[in-house]
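# Results of the structural survey
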Amino acid sequence: MKDKLVIGGRELKNRLFIGTGKFSNNRIIPDVIKKSGAEVITVALRRIDFGSAEENMLNYIPEDCILMPNTSGARNADEAVRIAKLARASGCGNWIKIEVISDNKYLLPDNFETVKATEILAKDGFVVLPYMSPDLMAAKRIKEAGAAAVMPLGAPIGTNKGLKTKELVKIIVDEISLPVIVDAGLGKPSEAAECMEIGVAAVLVNTAIATAGNPAVMAEAFKLAVKAGRKAYLSGCGTTNEFANASSPLTGFL
Amino acid sequence: MGFYEKYLQFRDFDFESFFKKVTDNDVLRIIQKDGVNEMEFLALLSPKGEKYLEPMAEKSQRLTLQHFGKIIFLYTPMYLANYCANQCVYCSFNVENRISRKKLTLGEVEKEAGIIAGEGIRHILILTGESRKHTPVSYIKSCIEILKKYFHSVTIEIYPLDRDEYKELIDSGVDGLTIYQEVYNEKTYKALHLKGPKKDYGYRMDAPERACMSGMRSVNIGTLLGLDNFIKESFFMGLHAQYLQNKYPGTEMSISLPRLRPHVGVFEPECRVSDKSLVQLIIAMRLFMPRLGITLSTRENAVFRDNLIGLGITKMSAGSKTEVGGYALKERTEGQFDISDTRNVEKIKAAIYKKGYQPVFKDWQNI
Amino acid sequence: MYLILNGSKKEIAEKTTIKELLLQMGLEPEKVVVEHNYNVAAKEYWDNTVLKDKDKLEILKFVGGG
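Here is a short report on the structure shown in this document. (Residues numbered from 1 in each chain as written. Chains lettered and ligands numbered in written order. Predicted model: local features only at pLDDT ≥ 70, side-chain atom pairs only at ≥ 80, totals over all residues. Heavy atoms only, no water.)

## Some thoughts on the overall build of chain A
What chain A contains, in helices and strands, is eight helices and ten strands. For 254 residues, the compact-globule estimate of 2.2 N^0.38 gives 18 Å, and chain A sits close to it at 19 Å. Out of the 254 residues in chain A, the part that is buried amounts to 54%. A sequence separation of at least 24 residues applies to 66% of the contacts in chain A between residues at least 6 apart. As displayed, chain A has an accessible area near 11,600 Å², and 51% of this comes from carbon and sulfur atoms. Charge-centre separation for chain A: the mean point of 31 positive side chains lies 2 Å from the mean point of 28 negative side chains. (Helix = DSSP H or I, 4+ residues; strand = E, 2+ residues; numbered from the N terminus. Rg over C-alpha atoms; globule rule 2.2 N^0.38 Å. Buried < 20%, exposed > 50% of the residue type's maximum accessible area, 1.4 Å probe, protein only. Contact = heavy atoms within 4.5 Å. Areas by Shrake-Rupley, 256 points an atom, 1.4 Å probe, with all protein chains shown as cover. Lys, Arg positive; Asp, Glu negative; His and termini not counted. Charge placed at Lys NZ, Arg CZ, Asp CG, Glu CD.)

Here is the structure:
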């Protein structure tokens, strides 16, 4: 049986999505993308600073990748919608990662504004992938609002702490009939595998790859870990035996 | 869309081939994992699953303890009337059966209520046959008004209603609905329900959902075990419970597992459901839906019921009579079915304590 | 005449179109996004949208992001 991931009508072969922020040098990004096998690549949209010679990220992303601009910088739904519409005007497709953050201390997403933005953008024909705090009720609202996937965080952005929200993410995986993508917080390939083992559809990794000693090799390590975790999930993970033998059988009366 | 679409998904499913593919390892793995999906639930119900009742029971006991603690909730049924327009071949109240028919007067309802409440019972389940003529919604409302004085919770097991009728009864104080599909297999359903409004399979199937939509606090569904293939019926009931729980997370979902009991009439069950099968169903349901209420009535005998305490069930009826006026009235009618556990409330309480559990009479009050 | 371009004043010649401005700034038009007076300016209109005095223009591009 073929194991397909379909989001916004696109069939994806690779369940590792990568972000392009924080790289020491953008010129290594094409190699990182190639080694990661990622088909979905996240970028941000920024006002051009005419004083600096900052390069355009599009120069480094292969044409056949799906570009997923985020709405970083948005502090509420309206700002996210404005950024999303601008991103679409680039002609690079209609995928959007909603990211609404009004908390500068922990950088945690604002689920309420995210639901609002999701509804507006889904109605407007976007393929909406909202980044969120892993809350089941918010995930339900996001689904009802028309999202193509939900992207709960594994740990606060950039912390590389791993899947700290496992119990909550697992509940969302069990209850929400949309692809669940763990976004943010994953620091090691083993943590990406851990996500995949509990049935997460894909993971989005940026900092862990960008800040590795050798980003391209780390990208490949994540690719393999995601594949391993997915296979483990599909094969049905065995679990350790938690049961001690009961002293008297419970079903002895039968 | 309603549960019927889910039913259609599996109506023509090749259960036999699926069962052939279930391995011993599959069953053991499912027992040990967290969270059981619908196909895994079916594997637990399968003949292969029957080989692993003991480890399944251990897990079920642990989950039940984790979610409900060491308690068994007690309630008592009260039959208000046995008038019925339906011809269900397996039921004593069948319109064609020549039994004496009766409907309690409001005075009699009060008398019955006094006796039941006197035993310490605080949750009452009221039942009628299906006769909008003899027991209209207005009559049921009047009964509820009286019963509210004696009980903290009044639940109903009556003919299926429309959404606004459920709302009306909720507003007058009802907080729970029990309604069994009886049999999920649509063909069998049509064959067993020969006459009357109950012939409408879809209207009955959607009744628990209508109650959920109207804001019913708790909903209890079930299938009459013995009317059709045991595994398939159990599977559909499980899917139905899960469908409702997922769609109406605010409703407290429960199931009942009534096995066919002797009754007036000549109908013989399609299949006999063994004690072992019933236990397999209870513990498989627990693994499938850890927070589900599971009700066991006095259809089952005392020894069997006592052995099931702690294994997965959460609610039991006590001191039940299935005749109209069975508690107070001298003049007797036919019961809906024969009671098997005839102990009074006091004795059932003692039996529950003896198992190390606490009988609970009130876990909720409508204010 | 002048524009408010990305928050700063910029002198431009009369009758400059968006497309012409982008080229003058040395930008690759296919890789940037333009917001004209707070509205998204679709690429197909850049050729014949003539900028007016005190127009507000934002030119954006994609950068690294996660």
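## Structural notes on the pairing of strand E3 (residues 16–19) of chain A
A regular strand places its side chains so that they alternate between the two faces of the sheet. Residue and element names in this part refer to chain A. The alternating pattern of E3 places Leu16 and Ile18 on one face and Phe17 and Gly19 on the opposite face, and all of these are buried. In the sheet, E3 pairs with strand E10 (residues 202–205) via three bridges, with the strands oriented parallel. Considered in E10, the bridge of phenylalanine 17 is made with leucine 204. Across two bridges, E3 lies against strand E4 (residues 40–47) in parallel orientation. Opposite isoleucine 18, over in E4, you have isoleucine 41 as the bridge partner. (Pairing = 2+ DSSP bridges.)

## A short note on the pattern of salt bridges
All names here are of chain B. Overall, the coordinates contain 43 salt bridges over all chains when judged by the stated rule. Between aspartate 24 and lysine 51 there is a salt bridge whose closest N-O contact spans 2.6 Å. Residue aspartate 24 is located in helix H3 (residues 24–32), and its partner lysine 51 is located in the loop between helix H5 (47–50) and helix H6 (53–68); the two are separated by 27 residues in the primary sequence. In this structure aspartate 24 comes out as partly exposed when scored by relative accessible area, which is 25%. Here arginine 343 makes a salt bridge to aspartate 306, at a shortest N to O gap of 3.0 Å. Of this pair, arginine 343 sits in the loop between strand E8 (315–317) and helix H16 (345–354) while aspartate 306 sits in helix H15 (residues 302–308), placing them 37 residues apart in sequence. Looking at arginine 343, the relative accessible area reads 16%, which means it is buried. Overall, aspartate 306 belongs to the buried group, its relative accessible area being 18%. A single network of salt bridges, built from pairs that share partners, joins Arg305, Asp306, Asp341 and Arg343. (Salt bridge = Lys/Arg side-chain N within 4 Å of Asp/Glu carboxyl O.)

## Some thoughts on the pairing of strand E5 (residues 218–223) of chain B
Residues and elements named next belong to chain B. Counting buried residues along E5, six of its six residues qualify, which places the element largely inside the surrounding structure. Along E5, one buried face is formed by Ser218, Asn220 and Gly222 and the opposite face, lined by Val219, Ile221 and Thr223, is buried too. Of the strand pairs in this sheet, strand E4 (residues 174–182) and E5 are connected by six bridges, and their pairing is parallel. Within E5, the residue paired with leucine 177 across the bridge is valine 219. Two strands pair when backbone bridges link them, and E5 and strand E6 (residues 252–256) are joined in this way by five bridges, in the parallel orientation. The residue of E6 that forms the bridge with asparagine 220 is serine 254. For the crossover that starts at E5, traverses helix H13 (residues 230–247) and ends in the parallel E6, the hand is right-handed. (Right-handed = clockwise from strand over helix to strand, strands pointing away.)

## Examining the state of the cysteines
Per the counting criterion, the structure on display carries zero disulfides over all chains. Not engaged in a disulfide, the cysteine Cys91(B) finds its nearest cysteine sulfur in Cys88(B); these two sulfurs lie 6.0 Å apart. (Disulfide = S-S within 2.5 Å.)

## Quick word on the nonpolar core
Judged by nonpolar contacts, the single largest core of 123 residues is most densely connected at Met78(B), Ile126(B) and Leu257(B). If you look at the next biggest cluster of nonpolar residues, it comprises 65 residues, including Val32(A), Met132(A), Ile176(A) and Met196(A). (Core = buried A, V, L, I, M, F, W, Y, C linked by side-chain atoms within 4.5 Å.)

## Focus: the interface of chain A and chain C
Listed as interface residues are 31 residues of chain A and, on the opposing side, 24 residues of chain C. Buried area between chain A and chain C, both sides added, is near 2,400 Å², and the carbon and sulfur share of it is 62%. For chain A, the biggest contributors to the area lost against chain C are Arg47(A), Ile48(A) and Phe50(A); these three give 26% of the whole. Summed over the shared surface of chain A and chain C, the number is two salt bridges. Our count for the contact surface shared by chain A and chain C stands at 14 residue pairs in polar contact (both at pLDDT 80 or more). Elements that contribute at least two residues to the side of chain A that touches chain C include exactly E4, strand E5 (66–69) and helix H2 (77–89) of chain A. Examining the composition of the side of chain A that touches chain C, we find that six residues originate from one element, E4(A), more than from any other. When grouped by side-chain class, the residues that make up the side of chain A that touches chain C number 14 nonpolar, nine polar and eight charged. (Buried area = accessible area lost by both parts, 1.4 Å probe. Polar contact = N/O pair within 3.5 Å; in protein donor to acceptor, adjacent residues only side chain to side chain. Nonpolar A, V, L, I, M, F, W, Y, C, P; charged D, E, K, R; others polar.)

## As for the packing of H2(A) against helix H3 (residues 111–123) of chain A
Residues and elements named next belong to chain A. Two elements in contact, H2 and H3, have axes whose closest approach is 8 Å; the angle formed by their N-to-C orientations is 40 degrees. The pairing of H2 with H3 is recorded here as oblique in orientation. Taken as a pair, H2 and H3 cross one another with a handedness that is right-handed. Counted together, Ala77, Ala80, Val81 and Ala84 of H2 and Glu113, Lys116, Ala117, Ile120 and Leu121 of H3 form the full contact between these two elements. The residue inventory of the contact of H2 with H3, partitioned by class, reads seven nonpolar, no polar and two charged. (Axes fitted to C-alpha atoms, helices over the stretch in contact; angles between N-to-C directions. Parallel < 35°, antiparallel > 145°, perpendicular 65-115°, else oblique. Left-handed = near helix turned anticlockwise from the far one by under 90°.)

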